[in-house]
Amino acid sequence: MAFKPRIGVFICHCGENIAGTVDVSNLAEEIIGYDNVSFSTDYEYMCSDPGQNKIKEAIEEENLTGVVVAACSPSMHEDTFRRVVEEADLNRYQCEIANIREQCSWVHGEGNDRPTEKALKIIKGTVEKVKRNVSMEPVEREHSDKCLVIGGGIAGIQAALDVAEAGNEVILVEKSPTIGGHMAQLSETFPTLDCSQCILTPKMVEVNQHPNIELMAYSEVRGISGYVGNYRARIERKPTYVDADACNLCGDCEEVCPVEVTDEFNQGLDTRKAINIPFSQAIPSSYTLDTEACLGLNPLRCSECAEACDADAINFDQTSEYVEEEFGAIIAATGYDLYPKEKMGEYGYGEYDDVIDGLQFERLLSATGPTGGEVRRPSDGKVPENVVFIQCSGSRDPENHNSYCSKICCMYTAKHAKLYRETVPDGNAYVFYIDIRAGGKDYEEFIQNVREEDRVLYLKGKVSKLKKADGKMKVWGLDEISGERVEIDADLVVLAQSIIPSEGAEETSEHLNLNLGANGFFKEAHPKLRPVESLTGGVFYAGTGQGPKDIPDSVSQGSGAAAKAIDLLAKPTLSHDPQVVEIDEDLCSGCGLCVGQCPYDALDINSKGVAEVNELLCEGCGTCASGCPTNALSLRNLTDEQLTEMIHAHIGD
Amino acid sequence: MSKNKKKIGAYWASSCGGCDVALLGLHERILELLDFAEIAFWPAATDFKYDDLKGYGNNELDVTFFNGGIRTTENAEIAELLREKSKLLVAYGSCAHQGGIPGLANMSGKNELFDTVYKEIPTTNNPDGIIPQESIKKDGLTLNLPGLQERVRSLDRVVDVDYTVPGCPPPPELTEDFLELLINGELPEKGSVIAGSKTVCEECSREWNKESIDAFHRPQEVDIDPDKCLLDQGIICMGPVTRSGCDSSCPEVNMPCKGCFGPPSKVEDQGMEMLNSLASVLQVGEEGQALEQEKELLSNLPDPIGTFYTFSLSNSIFGGKVSEGGEND
């Protein structure tokens, strides 16, 4: 070999952590005779300044080509020592850690030679690796500094505002004609009873006016390609047939429109026209013509709206517009839906008009709702005297429905009961519950207050039957505390319907190859330590798409996701560890097995018919390198030759 | 016969005879071959005796195509003799190359094999339990038979091999390629396998859609999509770990590759490499609960040794159940 490696071995005592079990000075003497080891020493704390200086001096004086630091786990100080060798003009990848603490001294007792023997083997193995290491520079890539936020609910709004405030351009894509999400439908918010729209609409306006935010409402992401820092998204802006800039919200079009259909914003409790605005504070503040409801545009069957419009804002010739943009980061804030009526046979949901879900009740309570805030039941408009609230409807029921807890229902049911009792002081509110889960700031106090001050009757138990007899709804249940059967004549039943991820979660996961958990919510990179990140680089989660959560949690996660995105976008270039997989094109047959194996989507078969790695995405996990049937793939600085020689050194032959 | 003609030998050891037929598969080209070569030894096709072979000088044969693995003492003896008499010794076909299908017998020891074949098979009528002996005496005469060795070995484990023409049997095109290289003096470096350098997948026209495998099927159990990768359809195809050169002939007709060309250059153990690759694309059940389902999936895999080591058990790292020295180690 023309090149003769000169390896220095630096053995750390780590106080007594290593030296108490391993004979460190003996190690230093023993290793000096080993192949290519031209220097060795031991020191009390190698990570201290004097310890680091020993390494630097030795590199210079002994002309070392590689360094082994025998110390603690590489997750502790690998970076420290790599920086040290860099300061001495040695490439950082010529430094490796031999872990003789966690993998040796800590797990073996003192009083015999075996820990020392083992430490020696670990060091020899590491010497074998480092002397075959190649020097490398980090992988550097340019990136876009725009951010795409998918979903305009409160989490997406918060994320978009934070990213925009940091100086990055944001495109906020919302499927429906207005941003605001479900929060815009709520009457008041627990536990403070702030009016939901009052705290939300200023933020919506801010989004609309922010110079760094481009709002694309009534739009959908149709495809995303690329990778961290360099995503390319194709977004469809669907035609609203109304020029938002020209529309002055006079409402004349709505008045003359002859078509009435179910109003989604009011959860089906009311009707709207084919041309409509979801609510008066909607952003963008403009009308949208729902072509599914409209009598027809092609051929034009009715043009009363256009005739009525003094502002000439209506344009029947609008078509879908497609926008393609590059994004550095993407925040998925696709939100939730309620567990569908079709899946809930029990409780008469979908069968009886007066069995409604929580969001419908929000609309009944809302001053902007179909009843102007008066609680009137859907069937006959009567003010209900007895209202039964059923919690965990579709939640915590692994046999029939969803196994998980929807998290927010205990709180909003208490709020519903309280607001009902305030609106209808003579009314009776009954709540059937399994447990009360009120983990949140001031939440438990709120529940207590509702139970005590608002005289809401909490019944611990499940509803066994709900049936309509003689025009009345009867609710049978068991009060587990008294042990008695309960039978209530209910005028209105409100189900705390389970939360499920919206369709957007699956769509987005398909675009970006994101993992969804068993219940369809986005799966985070680590459930505890990386809760806003996906495993796909540069894609972050905000809000209920990742799991049921209330407004403060959604806002927090929106800000968290924004912080992660800002962190990424602020970097001048994206830098990546070069310890990635390398492909020998002469051996690769392009079978494609590695493409499916890669958990990071870093591999593809290129136009030459061989595998190609995106070095920015590769995390160096080695799955493909071991899975490659022709051994065309190998990890830089962890080649089969290195591993084999390390094994030989460890087993001592 | 002209003195300049090359002398060609061919021999079958432990094999089915298909390789000899494959040589004949050159059809009329074999006549062209005879313009510049003469057949000096080919017991399967012409009347040669071992004494004829022994009569040749060392290296007198220019090239010998040796098919079949080394199963018996006779196989080993002739392999050594042919090595001595041949300038170039070619491992011809899967058995000489890697032990081949007879190599699957390395899952059983010699005595187990005899017991199965001569005592246990239901159609065998052998009330006295007689099994073949290497030597018998009758009427004062001794008759010796070749003995069965403990395990099947590929040719290169017994003698030095110059080239390999792989396949079960080798396609005539590869044999022609080899002869052309030989005649033109363009043979590659010693030890080369005369076939492609990559794997069957490279030549295969099927599309792998880069997803994972969630069930295994045998070819007869499913309606095979002719355009889709067989692995993608849950059919174990050894294409990814098998050297190219056959024009993907099996997958092209809806049959999975069985691996007869052996592994590509950087792969030591064909079956293990396949298992390794499969393991990383298996996908059943939800994460965390997958283990049991994966076990079940794998337990539905019929005959794993026969599937992953159809031709290469003898040369694999694990090598079967019997060692060189004795059985069942």
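Our subject is the structure that appears above.
Rules used throughout
Residues numbered from 1 in each chain as written. Chains lettered and ligands numbered in written order. Predicted model: local features only at pLDDT ≥ 70, side-chain atom pairs only at ≥ 80, totals over all residues. Helix = DSSP H or I, 4+ residues; strand = E, 2+ residues; numbered from the N terminus. Buried ≥ 20, exposed ≤ 12 C-beta atoms within 10 Å, placed from the backbone. Contact = placed C-beta atoms within 7 Å. Axes fitted to C-alpha atoms, helices over the stretch in contact; angles between N-to-C directions. Parallel < 35°, antiparallel > 145°, perpendicular 65-115°, else oblique. Left-handed = near helix turned anticlockwise from the far one by under 90°. Nonpolar A, V, L, I, M, F, W, Y, C, P; charged D, E, K, R; others polar. Pairing = 2+ DSSP bridges. Expected span 1.5 Å × (residues − 1). Arc of directions from axis to C-beta. Core = buried A, V, L, I, M, F, W, Y, C linked by C-beta atoms within 7 Å. Right-handed = clockwise from strand over helix to strand, strands pointing away.

> Looking at this structure, how should I read the overall build of chain A?
Of regular secondary structure, chain A possesses 17 helices and 34 strands. The 653 residues of chain A split such that 49% are buried. Sequence separation of at least 24 residues holds for 70% of the intrachain contacts in chain A that already meet a minimum separation of 6.

> It is not clear to me how the overall build of chain B should be interpreted in this structure. Could you clarify?
Regarding its fold elements, chain B presents 12 helices and nine strands. Taken across its 329 residues, chain B has 40% of its residues classed as buried. Partitioning the contacts of chain B with sequence separation of at least 6, the portion at a separation of at least 24 is 74%.

> Explain the packing of helix α6 (residues 154-165) of chain A against helix α7 (residues 196-209) of chain A to me, please; I cannot follow it from the model alone.
Between two packed helices, both the angle of their axes relative to each other and the distance between the axes serve to describe the pair. Residue and element names in this part refer to chain A. Between α6 and α7, the shortest axis-to-axis distance is 10 Å and the interhelical angle comes to 45°. Taken together, α6 and α7 sit at an angle that is classed as oblique. Helix-helix and strand crossings are classified by hand; for α6 and α7 the assignment is left-handed. Where α6 abuts α7, its residues Ile 154, Ile 157, Ala 160 and Leu 161 lie against Leu 200, Lys 203, Met 204, Glu 206 and Val 207. The residue inventory of the contact of α6 with α7, partitioned by class, reads seven nonpolar, no polar and two charged.

> When you look at the sheet that holds strand β11 (residues 219-227) of chain A in this model, what are you seeing that I'm missing?
All names here are of chain A. The antiparallel open sheet is built from three strands, whose spatial order is β11-β12-β17. Each end of this open sheet is capped by a strand with a single partner; those strands are β11 and β17 (321-327). Shown here is a sheet whose adjacent strand axes are inclined to one another by a mean of 20°, direction ignored. Bridge analysis of strand β12 (residues 230-237) against β17 gives seven bridges, and the strand direction is antiparallel. Bridging from a neighbouring strand, Arg 232 pairs with Glu 326 of β17.

> What am I meant to see in the interface of chain B and chain A here?
By a frequent convention, interface size equals the accessible area lost on bringing the separate parts together. Contact with chain B, which involves 21 residues of that partner, is made by 16 residues of chain A. Those elements that provide at least two residues to the side of chain B that touches chain A are α8 (200-203) and α10 (270-279) of chain B. If you tally residues by element for the side of chain B that touches chain A, the top one is α10 of chain B, at four residues. Taken together, the residues that form the side of chain B that touches chain A break down as eight nonpolar, six polar and seven charged.

> Can you walk me through the sheet that holds strand β18 (residues 329-332) of chain A in this structure?
Either a parallel or an antiparallel arrangement is found when strands of a sheet pair, and the pairing is made through backbone hydrogen bonds. Residues and elements named next belong to chain A. One open sheet accounts for five strands, arranged β10-β7-β6-β18-β29; its pairing is parallel. Edge strands, defined here as strands with exactly one partner in the open sheet, are β10 (213-216) and β29 (539-541). Here the average twist between neighbouring strands, direction ignored, is 20°. Against the sheet, α6 touches β6 (147-150), β7 (170-173), β10 and β18, its axis set at about 170° to β7.

> Is there a simple way to explain the packing of α6 of chain A against helix α14 (residues 551-569) of chain A in this structure?
Residue and element names in this part refer to chain A. Running from N to C, α6 and α14 cross one another at 35°; their axes reach a closest spacing of 8 Å. As for the relative orientation of α6 and α14, their crossing is right-handed in sense. Contacts between α6 and α14 pair Ile 154, Ala 155, Gly 156, Gln 158, Ala 159, Asp 162 and Val 163 from the former with Ile 551, Ser 554, Val 555, Gln 557, Gly 558, Ser 559, Ala 561, Ala 562, Ala 565 and Ile 566 from the latter. Broken down by class, the residue content of the contact of α6 with α14 amounts to 10 nonpolar, six polar and one charged.

> Looking at this model, I keep getting lost on helix α4 (residues 74-87) of chain A. Mind explaining?
Since the α-helix advances by 3.6 residues per turn, residues separated by three or four positions end up pointing in the same direction. Residues and elements named next belong to chain A. With 14 residues, α4 should reach 20 Å at 1.5 Å per residue; the first-to-last C-alpha distance of 19 Å fits that figure. Of the positions making up α4, those classed as buried are Phe 81, Arg 82, Val 84 and Val 85. Take α4 and look down its axis: the buried residues cluster within an arc of 155°, on one side only. The inward-facing, buried residues of α4 abut α3 (49-62), β3 (66-71) and β4 (95-99). Immediately beyond the C-terminal end of α4, within one or two residues, lies Asp 89, with a positive phi of roughly 65°.

> Teacher, can you tell me more about the nonpolar core here?
Soluble, globular proteins show a tendency: their nonpolar side chains are buried together. With 90 residues, the main nonpolar core has Val 581, Cys 594 and Leu 633 of chain A together with Phe 66 and Val 90 of chain B as its most contacted residues. Ranked by residue count, the leading element in this core is strand β5 (residues 86-92) of chain B, at five residues. Non-local contacts of Leu 633 of chain A, meaning those with residues more than four positions away in its chain, are made with Val 581, Ile 583, Cys 594, Ala 611, Cys 624, Ala 625 and Cys 628 of chain A. With 73 residues, the next largest nonpolar core counts Val 163, Val 170, Phe 327 and Tyr 541 of chain A among its residues.

> Even after reading the chapter, I still don't get the pairing of β12 of chain A, so can you show me in this structure?
For a regular strand, the rule is simple: side chains alternate between the two faces of the sheet. Residue and element names in this part refer to chain A. When β11 meets β12, the two strands line up antiparallel, connected through eight bridges. Residue Ser 225 lies in a different strand from β12, and its bridge partner there is Arg 232. Hairpin geometry of β11 and β12 is characterised by an intervening segment of two residues between the two adjacent antiparallel strands and by a positive phi of about 85° at Gly 229.

> I'm lost on unusual backbone geometry in this one. Help?
With omega at 0°, the peptide bond leading from Asn 298 of chain A into Pro 299 of chain A counts as cis. Here the bond from Cys 168 of chain B into Pro 169 of chain B is cis, since omega is -10°, no more than 30 degrees from zero. In this model, Tyr 241 of chain A sits at a positive phi of 65°, which is unusual for a non-glycine residue. Counting through the fold element by element, Tyr 241 of chain A comes out in the loop between β12 and α8 (252-256).

> I'm lost on the environment of Ile 150 of chain A in this one. Help?
All names here are of chain A. With respect to the helices, strands and loops of the structure, Ile 150 is situated in strand β6. Judged by C-beta crowding, with 32 C-beta atoms within 10 Å, Ile 150 ranks as buried. A C-alpha to C-alpha distance of 9.8 Å links Ile 150 and Met 216, two positions 66 residues apart in sequence. Non-local contacts of Ile 150, meaning those with residues more than four positions away in its chain, are made with Val 173, Val 221, Ile 330, Ile 331, Ala 332, Ala 333, Thr 334, Gly 504 and Thr 508.

> I would appreciate a short explanation of the pairing of β3 of chain A in the present structure.
Residues and elements named next belong to chain A. In terms of residue burial, β3 counts as a mostly covered element, since six of its six residues are buried. Across the two faces of β3 the burial is the same, with Gly 66, Val 68 and Ala 70 and Val 67, Val 69 and Ala 71 all buried. The pairing of strand β1 (residues 7-12) with β3 spans five bridges and is parallel. Residue pairing across strands places Phe 10 opposite Val 69, the latter belonging to β3. Note that β3 and β4 share five bridges and pair parallel. Residue pairing across strands places Val 67 opposite Cys 95, the latter belonging to β4. Crossover connection from β3 via α4 to parallel β4: handedness right-handed.

> Hey, could you run me through the environment of Gln 185 of chain A in this one?
Residue and element names in this part refer to chain A. Locating Gln 185 in the fold gives a position in the loop between β7 and β8 (188-189). By C-beta crowding, Gln 185 is classed as buried, having 22 other C-beta atoms within 10 Å. C-alpha of Gln 185 to C-alpha of Phe 361: the two residues are 176 residues apart in sequence and 10.0 Å apart in space. Leaving out residues up to four positions away in the same chain, Gln 185 has contacts with Phe 265, Leu 359, Glu 362 and Arg 363.

In short, the description is geometric, and any link to function would need to be established separately.
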